[in-house]
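# Architecture and fold: a report
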Amino acid sequence: MKRVRRLIPVVKRVPVDPVKYYEAMGELMLSLMTGRSVQVIMQQSGNVRLVKSIEGKPIMINSVNDLRLFAAQGGLDFMASVRPIGSDKVDVLVADVKVKQTMFNTPEGYLAMHLASNAVRVGFEAVGIGNVLMYFDGMNGFKVLARLTGDKGVELKDATRLLGIIIDAAQRALKRFSRFSGLMGDVTLGINTLSKVKVFRVPLSIHWSTKLSAIPVPRFCVKNFSLMDAEPIRVMGDPSPYSFITSVKVNSVDINSLLANEDYVLTYRVKAHILSNLRLEC
């Protein structure tokens, strides 16, 4: 296994047996891993490292047994490519909602995170991407993820451009919520996961640093989210609240057609949709 760089976790002890955890959660994770190259963060005896390949070959995880075998060797955190194996086209879109840790300490912080995450989600909806998954990233925010049908994969530059427009529109729309203006400075909307990292943490994976699970958010209700819900022992004790992730459908949308006009035209269209449809209610 190729060692890339040493990682220093905030929480060193893994609170559950990773083998048992991934045996319990594996079926829910596979739909976003199968057919993609995977990167694994391994933790053994306090040593944490990122593994991108084995003997020069990409890592493939196509079954719960594959997950179990990696977990038995110290595999803790799993990240999948935004491209399917054998393709240079992106078929997974991921937007980032990063927040400061203090946001998790107050009810107003949760409301602000709820608004920001759902502004991005409604922005996806505005361009015809209505089937999305929102999930805690395991550390400092949330992801909004959508899959495209196999024949609708797009060039990375076009996917990046579209997400940039959605993020811009969401930021403009959020300025209208003056009640939360003091908190929105602690929220950062971005697209680094897609444009730079090009791999996403698989929902329900255990974050290598915090040792919290990257749990999906039922009904997109971030304001009801709790860090305690992301404790792996709780998650594996009752996976049923997250079973809906296996039914999140792919989206068929012509991104090239969307990008045919000037960016500002689509930006204002998306912004108008967000302002008309964004709600604090779940």
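Structure: above.
Residues numbered from 1 in each chain as written. Predicted model: local features only at pLDDT ≥ 70, side-chain atom pairs only at ≥ 80, totals over all residues. Heavy atoms only, no water.

### Observations concerning the environment of asparagine 105
Inspection of the secondary structure puts asparagine 105 in the loop between β7 (92-99) and α3 (107-126). On the accessibility criterion, asparagine 105 (61% relative accessible area) is exposed. Separated by 122 residues in sequence, asparagine 105 and leucine 227 have C-alpha atoms that sit 10.0 Å apart. (Helix = DSSP H or I, 4+ residues; strand = E, 2+ residues; numbered from the N terminus. Buried < 20%, exposed > 50% of the residue type's maximum accessible area, 1.4 Å probe, protein only.)

### Section: the layout of surface pockets
Estimates place the volume of the largest pocket at around 490 Å³. Around the largest pocket, the lining comprises 20 residues; the ones closest to its centre are Met79, Thr193, Val197, Val199 and Arg201. Broken down by secondary-structure element, the contributors of at least two residues to the lining of the largest pocket are β2 (36-44), β7, α5 (192-197) and β11 (199-201). Broken down by class, the residue content of the lining of the largest pocket amounts to nine nonpolar, five polar and six charged. Size it by volume and the second largest pocket reaches roughly 150 Å³. Along the walls of the second largest pocket sit Ala116, Gln171, Leu174, Lys175, Phe177, Ser178, Ser181, Met184, Val187, Thr188 and Leu189, which together make up its complete lining. Secondary structure elements with two or more residues in the lining of the second largest pocket: α4 (156-174) and β10 (187-190). A per-element tally of the lining of the second largest pocket places β10 first, with three residues. Residue composition of the lining of the second largest pocket, grouped by class: six nonpolar, four polar and one charged. (1 Å grid on protein atoms, 1.4 Å probe; cavity = no way out; pocket = protein on both sides within 12 Å on 5 of 7 lines; lining within 4 Å. Points joined across faces, edges and corners; volume = space filled by probe spheres on them. Nonpolar A, V, L, I, M, F, W, Y, C, P; charged D, E, K, R; others polar.)

### A short note on the packing of α3 against helix α8 (residues 263-277)
Pairs of packed helices are described in terms of their axes, by the angle between the two and the distance that separates them. Running from N to C, α3 and α8 point in directions that differ by 125 degrees, and their axes come no closer than 9 Å. It follows from the interaxial angle that α3 and α8 lie oblique. Judged by the sense of rotation from one axis to the other, the crossing of α3 with α8 is right-handed. When α3 is examined against α8, the residues Ala119, Val122, Gly123, Glu125 and Ala126 are found in contact with a partner set consisting of Arg269, Val270, His273, Ile274 and Asn277. Residues that form the contact of α3 with α8 fall into these classes: five nonpolar, three polar and two charged. (Axes fitted to C-alpha atoms, helices over the stretch in contact; angles between N-to-C directions. Parallel < 35°, antiparallel > 145°, perpendicular 65-115°, else oblique. Left-handed = near helix turned anticlockwise from the far one by under 90°. Contact = heavy atoms within 4.5 Å.)

### Observations concerning the state of the cysteines
Across all of its chains, the model carries one disulfide by this definition. Covalent S-S linkage joins cysteine 221 and cysteine 282, the inter-sulfur distance amounting to 1.7 Å. Classification of the bridge connecting cysteine 221 and cysteine 282 rests on its S-S torsion, roughly 70 degrees, and on that basis the disulfide is right-handed. Placement of the pair is cysteine 221 in the loop between β11 and α6 (232-237) and cysteine 282 in the segment after α8, with a sequence separation of 61 residues. For cysteine 221, a relative accessible area of 4% corresponds to the buried category. (Disulfide = S-S within 2.5 Å.)

### Section: the sheet that holds strand β8 (residues 132-136)
The sheet built from four strands is open, its strands ordered β8-β9-β7-β10 with antiparallel pairing. In the strand order of this sheet, the two ends are held by β8 and β10, each with one partner. Direction aside, neighbouring strands of the sheet carry axes that sit 15 degrees apart on average. Here β8 runs beside strand β9 (residues 141-147); their pairing, made up of five bridges, is antiparallel. Residue pairing in the sheet places phenylalanine 136 in a bridge with phenylalanine 142 of β9. (Pairing = 2+ DSSP bridges.)

All quantities given are derived from atomic positions and should not be read as evidence of function.
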